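Residues per chain are reported as follows:
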Amino acid sequence: RRRRRADGAVATTTTITVEPSVVANIRIEALFTAFASLAGAAADILLTKMDLISFNLPSGVTTTEAAEKLALKLTPPCNASAGCTVAYQPPGSSGRRLQATVDRFLVTRQLGAASTGSLGAPTVDTSGLATSLGVSASLLGTVEASVLSIAAVVTTVGNANAGQTA
């Protein structure tokens, strides 16, 4: 997408989808370096990573409470100040169909140039999650985490007349 700015420069925004299995063992900073080498050092790069966490939601625990507690028990941690949110995914809201007894939570992370760590699935402190919810870990069943998607939005700014000859 191209857009002319007030100063006459043209901003070009490109969205690139990355296959999660290809970059699962790559560090965030390495992916940023690769995009910067392709787009130029002045490019603005933002990664959005979406993970799916599934487990049994115990009776008496609300989806809001579970999402809040789950955010605190993820590694890396998830909080709004770090550009991360956890939201309950109602059945049928994702292309993946899991057993009806399994509840799903979508973890969305905005990763910038200063972000570090792996692009693989986060880990969940299952016993810590259970304790914070006030239930036995066995009531959560198997807690699974997977990466759903990774997308990069790359914005470059150039002179509107670049490439034109006088």
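Everything that follows concerns the structure shown earlier in this document.
Conventions used here
- Residues numbered from 1 in each chain as written.
- Predicted model: local features only at pLDDT ≥ 70, side-chain atom pairs only at ≥ 80, totals over all residues.
- Heavy atoms only, no water.
- Helix = DSSP H or I, 4+ residues; strand = E, 2+ residues; numbered from the N terminus.
- Buried < 20%, exposed > 50% of the residue type's maximum accessible area, 1.4 Å probe, protein only.
- Pairing = 2+ DSSP bridges.
- Contact = heavy atoms within 4.5 Å.
- Phe/Tyr/Trp six-rings, centres within 6.5 Å; stacked < 30°, edge-to-face > 60°.

Glancing now at unusual backbone geometry. Cis geometry marks the peptide bond from T75 to P76, where omega comes out at 0°. Its location among the elements puts P76 in the loop between β4 (74-75) and β5 (84-89).

As a further point, take the pairing of strand β6 (residues 103-111). Judged by how many residues are buried, β6 sits mostly within the fold: eight of nine residues are covered. With six bridges joining them, β5 and β6 adopt antiparallel strand pairing. Considered in β6, the bridge of A87 is made with L106.

So, about the environment of I45. Within the secondary structure, I45 sits in strand β3 (residues 44-55). The class for I45 is buried, based on a relative accessible area of 9%. Spatially, the C-alpha atom of I45 lies 7.2 Å from that of A113, the residues being 68 residues apart in sequence. Beyond its immediate sequence surroundings of up to four residues, I45 is in contact with F32, F35, A36, L111, V153 and V154.

Turning our eyes to something else, we now look at the packing of aromatic side chains. A complete count under the given rule lists two aromatic pairs for this structure. Residues Y88 and F105 carry aromatic rings whose centres are separated by 5.4 Å and whose planes lie at 65° to one another, so their mutual orientation is edge-to-face. Note that Y88 is positioned in strand β5 and F105 in strand β6, a separation of 17 residues in sequence. One aromatic cluster is present, built from ring pairs that chain together F55, Y88 and F105.

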